[in-house]
Amino acid sequence: MIIRRRDFLRATAAATLTAGLPRLARSADTASVYDLERFGNARILHLTDTHAQLRPVFFREPSVNIGVGAMAGQPPHLVGKAFLDRFGIRPESADAYAFTCVEFEKAAVRFGKLGGFAHLKTLVDKLRADVGQGRSLLLDGGDLWQGTGLANAVKGADMVEAANLLGIEAMTGHWEFTYGEQALRDNLANFKGEFLAQNVFLTEEAAFNDAKAFDPASGRVFKPSTIKEIGSHRVAIIGQAFPYVPIAHPKRFTPDWTFGIRDEELQKLVDNHRTNDKVDAVILLSHNGMDVDLKLASRVTGIDVILGGHTHDAIPLPITVTNAGGVTLVTNAGSNGKFLGVLDLDLAKGKVANVRYRLLPVFSELLKPDPAMQGLIDRVRDPHVGDWSDKLASADRLLYRRGNFSGSVDQLICDAMLSELNAEIALSPGFRWGLTTLAGQPLTMEDVLSETAITYPETYVATMTGSQIKDVLEDVCDNLFNADPYHQQGGDMVRVGGLTYTCAPAETVGKRISELKLANGKHLEARKSYKVAGWASVNEQKGEPIWDIVAKHLRAGRPPNREAPGVTLKGVDDNAGIAKQGK
Amino acid sequence: MSITTNEFAETRRMVLKGAGVAALIGLGVVSFDARPALAAANDAYPKEAFKQKNEADAIKLLYGKTAEPSDKVKMDAPEIAENGAVVPISATTTLSDVTSITFLVSENPIALIASYRIPDGTLPSVSNRIKMAKTSNVIVIVEAGGKLYSATKEVKVTVGGCGG
């Protein structure tokens, strides 16, 4: 075991945040905020969950991100003021704007958009040039190919081009799988980096039928890991794909593959790299989600750092987890291209001697867009963007999605389904991607697609009994608040329209949801049937795609629904995952 | 799947023996109409154990004793089932003198899923696929040296969807 690592990692896990920026200089050259003090002998850059956002974005971080049980009050389950306090970020600073929802609308105007691949390219190139040739790696944690109308239309091919130009050397996946095996393989044939996933295996039937696999003996569909040389050192990068692809998405996209966390197989892989390959460091490039990674880090030994994603948590400092073999650092690098993780390692023989980590907000206004990447973005957008650029409406208020229970953009989507599909109740998935639009900004089809672009967008109208509706809410709620992180799938609570309810997150499945009422105040009756509209079903549906329903609703110019989302929380009064008014 | 002829059952039994999986005395998932052939090859079919609603009663009727948890019983089961109708569960053990391996699901209408006899000299390793209606503990019992050892894991069954 590697007890020796314990000594240094704990002491030096502390990272420096970007100092609070007083004000961003418009169109400045690469700002000095990105001049990092040199440290160690290897630099690993980490991007994750960019959701195909080629252009800079507004993205409001959550005001509700509740942790229950042992996770209560712990990162990533901190929002607003509690988040700023925990990580020592000055209120009203640029960092406060990037990392939290505090005073979002005011700060958005002041500090502008974040991310964008042309801006990321400039930053990545600078950070790589700073450490010199052969001293750095660029890794992507997945959800790179999905999230825009463009990416959905070309099945992620645009993002493969962008990834190649950006210089991504290894990635793992999640939504990538929802394009199906053929599109995935076609994209990977064009991808210059490696696609790594230790936890995707052939089903027994597929193995029996000789389905394609990286390693037919073990049934591993993809290469599980790769060893990269940095200077005179060797670093093992292991890929961990989203463990619950066939559960969270229609199984028809991945019929031959079975997933799972697979920590025993992971342990064998880590041990093999340590013992036989004699690597100096082991990095897990993970799409587990942060709570799952924190639990995994306590069980699997020998991993130096988990570079995490999926749950879209922008966490400025790594969390140190102690396990039987020493310690493992766990990070999560936010979403939508807002952040770039910079892991500087001081590698020694067979060990990591020291670590420094920063999660840099990518302030688009501080970075000159790289001309080559900008050209690529313009070229891939060109054939599609014309059809999607007409203004459908203006945002009547701040439109955002992220939050455990509701977001104003999802209220809009639910309203669209209620009116266009003539239903009593609407259900909309609690995705964590989807952009933010400021009040008064125009809404185009491209914006609507950025909230809805998936490969199973068909709407449905179904008859469900009150007790079936409650069961669905309970089931999704348990995916979010199960006390065991390994039983969580990530994502947020299903959004509802025409329905209000009370939720007690700290309860157990079957006991969290109560007081279900229709918009007219009447209690839902267990045996009575209701007309329910929804989209993104794991079962095949035939209805119009959700983006057309939303566009119709917006074009019709109906008066905005300003009702508060009807979720009452119970038993979490002092939870640090809920932002209080004005904080 | 439904196996109806004794001839087929005989062939199947030999295949299973040859594969080192040992003779089956019951199955939770397939309808099985070949009891006489199996009964002849094994001890009496544990009819009563297969009627019990909870695992403790089933274990008592099957073995007449209780099991102690052991980390020498290794169960491989998913955290969340990809399909509740076909959940792959396997068990192995480093214990010696293993004579049987039994699978139970607490929340199934009938708790006992299957019990496998392990003949002398056979590797104590069994894989099977079981049906689960809802989230439940899955219990593996290993009978070794006349004593019972167990491993338990909760397997979640969900309707799915809405992932981030």
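Under an unreviewed UniProt entry, chain B has the name Thiosulfate oxidation carrier protein SoxY and belongs to Bradyrhizobium macuxiense.

An unreviewed UniProt entry lists chain A under the name Bifunctional metallophosphatase/5'-nucleotidase, from Bradyrhizobium macuxiense. Regarding chain A, the UniProt comment filed under Sequence similarities (unreviewed entry) reads as follows: "Belongs to the 5'-nucleotidase family."

Our focus in this paragraph is the overall build of chain B. Across its full length, chain B carries three helices and 10 strands. Per-residue burial for chain B yields a buried fraction of 47% across its 164 residues. Pairs at least 24 residues apart make up 63% of the contacts formed inside chain B by residues separated by at least 6 positions. Total accessible area on chain B is roughly 8,100 Å²; 53% of this is exposed by carbon and sulfur atoms.

What follows covers the interface of chain A and chain B. If you look at the interface, chain A gives 35 residues, while chain B gives 16 residues. With both chains or domains summed, chain A and chain B bury close to 2,000 Å², and 48% of this area falls on carbon and sulfur atoms. Of all residues in chain A, A:Ile247, A:Asp475 and A:His487 bury the most surface against chain B, accounting for 29% of the area lost on that side. At the surface where chain A touches chain B, the tally comes to three salt bridges.

This part takes up the sheet that holds strand β20 (residues 499-503) of chain A. All names here are of chain A. Read from one edge to the other, the open sheet built from three strands follows the order β21-β20-β23, with strand pairing classed as mixed. Each edge of the open sheet is held by one strand with a lone partner, namely β21 (513-518) and β23 (567-569). Across the sheet, the mean angle separating the axes of adjacent strands is 15 degrees when strand polarity is ignored. With three bridges connecting them, β20 and β23 associate as parallel partners. When the sheet's bridge partners are listed, Thr-502 is paired in β23 with Thr-568.

Attention now moves to the pattern of salt bridges. All names here are of chain A. One pass over the structure, following the stated rule, counts 39 salt bridges over all chains. A salt bridge links Lys-81 to Asp-85, with the shortest nitrogen-to-oxygen separation between them at 3.1 Å. In this pair, Lys-81 and Asp-85 both sit in helix α2 (residues 80-87), four residues apart, roughly one turn of the helix. The exposure class assigned to Lys-81 is partly exposed, which follows from its relative accessible area of 40%. What you see here is one network of salt bridges that share partners, running through Asp-313, Arg-402, Arg-432 and Asp-492.

With that settled, the discussion passes to the pairing of strand β14 (residues 351-361) of chain A. Residues and elements named next belong to chain A. In terms of burial, β14 is a largely internal element, nine of the 11 residues being buried. When strand β13 (residues 339-348) meets β14, the two strands line up antiparallel, connected through 10 bridges. Residue pairing for β14: Leu-340 is matched across the bridge by Leu-360.

Okay, the sheet that holds β13(A) next. Residue and element names in this part refer to chain A. Spatially, six strands are ordered β4-β3-β2-β1-β13-β14 in an open sheet, and the strand pairing comes out mixed. Edge positions in the sheet fall to β4 (194-195) and β14, since each of these pairs with one other strand and no more. As defined by bridge partners, strand β3 (residues 170-171) adjoins β4 across two bridges and the pair is classed as parallel. Residue Met-171 lies in a different strand from β4, and its bridge partner there is Phe-195.

Residues and elements named next belong to chain A. Partitioning chain A into structural domains gives domain 1 (3-16 + 39-54 + 117-369) and domain 2 (386-569). On a C-alpha basis, the centres of domain 1 and domain 2 stand 31 Å from each other. Here domain 1 and domain 2 share two salt bridges between them. Asp-313 is paired through a salt bridge with Arg-402; the nearest N and O atoms lie 3.6 Å apart. Applying the counting criterion to the domain 1 and domain 2 interface returns 12 residue pairs in polar contact (both at pLDDT 80 or more). If you list the elements that add at least two residues to the side of domain 1 that touches domain 2, you get α6 (149-153), α10 (245-248) and α12 (290-299). It is α12 that contributes the most residues to the side of domain 1 that touches domain 2, five residues altogether. When its residues are assigned to classes, the side of domain 1 that touches domain 2 shows 13 nonpolar, 13 polar and six charged.

Here we take up the UniProt feature "domain: 5'-Nucleotidase C-terminal" (unreviewed entry) in chain A. UniProt feature "domain: 5'-Nucleotidase C-terminal" (unreviewed entry): in the numbering of this structure it lies at residues 409-536 of chain A. In the segment residues 409-536 of chain A, helix accounts for 28% and strand for 31%; the C-alpha atoms at its two ends are 16 Å apart.

A word on the UniProt feature "domain: Calcineurin-like phosphoesterase" (unreviewed entry) in chain A. When the UniProt feature table is mapped onto this chain numbering, "domain: Calcineurin-like phosphoesterase" (unreviewed entry) sits at residues 43-313 of chain A. Helix makes up 35% of residues 43-313 of chain A and strand 15%, whereas the separation of the span's terminal C-alpha atoms amounts to 22 Å.

Let us now look at unusual backbone geometry. Looking along the chain, the bond that leaves A:Pro75 and enters A:Pro76 is cis, with omega of 10 degrees. Position of A:Pro76 relative to the elements: it lies in the loop between β1 (42-47) and α2. The backbone phi angle of A:Glu92 is positive, close to 70 degrees, even though this residue is not glycine. Checked against the element boundaries, A:Glu92 lands in the loop between α2 and α3 (94-99). Even without glycine at this site, B:Asp97 takes up a positive phi of about 55 degrees. Its place among the elements puts B:Asp97 in the loop between β5 (87-93) and β6 (98-105).

Turning to the environment of A:Trp175, a few remarks are in order. Residue and element names in this part refer to chain A. Here Trp-175 shows up in the loop between β3 and α8 (180-190). Residue Trp-175 is classed as buried on the basis of its relative accessible area, which comes to 0%. A C-alpha to C-alpha distance of 28 Å links Trp-175 and Glu-420, two positions 245 residues apart in sequence.

For the rest of this paragraph, the subject is the side chain of A:Asn323. Tracing the chain through its elements places A:Asn323 in strand β11 (residues 319-323). At 3.0 Å, the side chain of A:Asn323 forms a polar contact with the backbone nitrogen of A:Gly325.

Before going further, it helps to examine the confidence of the model for chain B. Residue and element names in this part refer to chain B. Summing up the model confidence of chain B, the mean pLDDT is 79 and the portion of residues at 70 or higher is 71%. The low-confidence segment residues 1-42, where pLDDT is below 50, has 58 contacts with residues more than four positions distant or belonging to other chains. We note a pTM of 0.90 for the whole complex and an ipTM of 0.86 for its interfaces.

Moving on, we come to helix α16 (residues 466-481) of chain A. Over its 16 residues, α16(A) runs 22 Å from end to end, which matches the ideal 22 Å to within 8%, given 1.5 Å per residue. On its buried side, α16(A) packs onto β16 (425-430), β18 (459-465), β19 (492-497), β20, β21 and β22 (529-535) of chain A.

Rules used in this analysis
Along each chain, residues carry numbers from 1 onward, in the same order as the chain's sequence is written. For this description, chains carry letters from A and ligands carry numbers from 1, given in the order in which they are written. In keeping with the model being predicted, local features are shown solely for residues with a pLDDT of at least 70 and side-chain atom pairs are shown and tallied solely at 80 or more, while totals for entire chains, interfaces and linings include all residues. For the side-chain quantities, the full set of heavy atoms in the structure was used; hydrogens and water were omitted. UniProt positions are given in the numbering used here, feature names are shortened, and annotations may be inferred rather than shown by experiment. Only DSSP runs of H or I with at least four residues qualify as helices, and only runs of E with at least two residues qualify as strands; both kinds are numbered from the N terminus onward. Whether a residue is buried, partly exposed or exposed follows from its accessible area with a 1.4 Å probe, protein chains only, as a fraction of its type maximum: under 20%, in between, or over 50%, in that order. In what follows, a contact means two residues having at least one pair of non-hydrogen atoms within 4.5 Å. Using a 1.4 Å probe, the Shrake-Rupley method yields the accessible areas, and only the shown protein chains count as cover for residues. Accessible area that two parts lose when put together, with a 1.4 Å probe and added across both, is what the buried area reports. By definition, a salt bridge exists where a carboxyl oxygen of Asp or Glu is found within 4 Å of a side-chain nitrogen of Lys or Arg. Strands were regarded as paired on the criterion that DSSP finds at least two bridges between them. A fitted line through C-alpha atoms represents every axis, and for helices the fit uses only the stretch in contact; the resulting angles, taken between N-to-C directions, go from 0 to 180 degrees. Domain boundaries shown here were taken from an automatic or database domain assignment. Whenever two N or O atoms come within 3.5 Å, that pair is a polar contact, provided that in protein one can donate a hydrogen and the other can accept it, and provided that, for residues adjacent in sequence, both atoms are side-chain atoms. In this classification, Asp, Glu, Lys and Arg are treated as charged, Ala, Val, Leu, Ile, Met, Phe, Trp, Tyr, Cys and Pro as nonpolar, and every other residue, Gly included, as polar. Per-residue confidence from the predictor is reported as pLDDT, a score between 0 and 100. What a helix should span is 1.5 Å times the count of its residues minus one.

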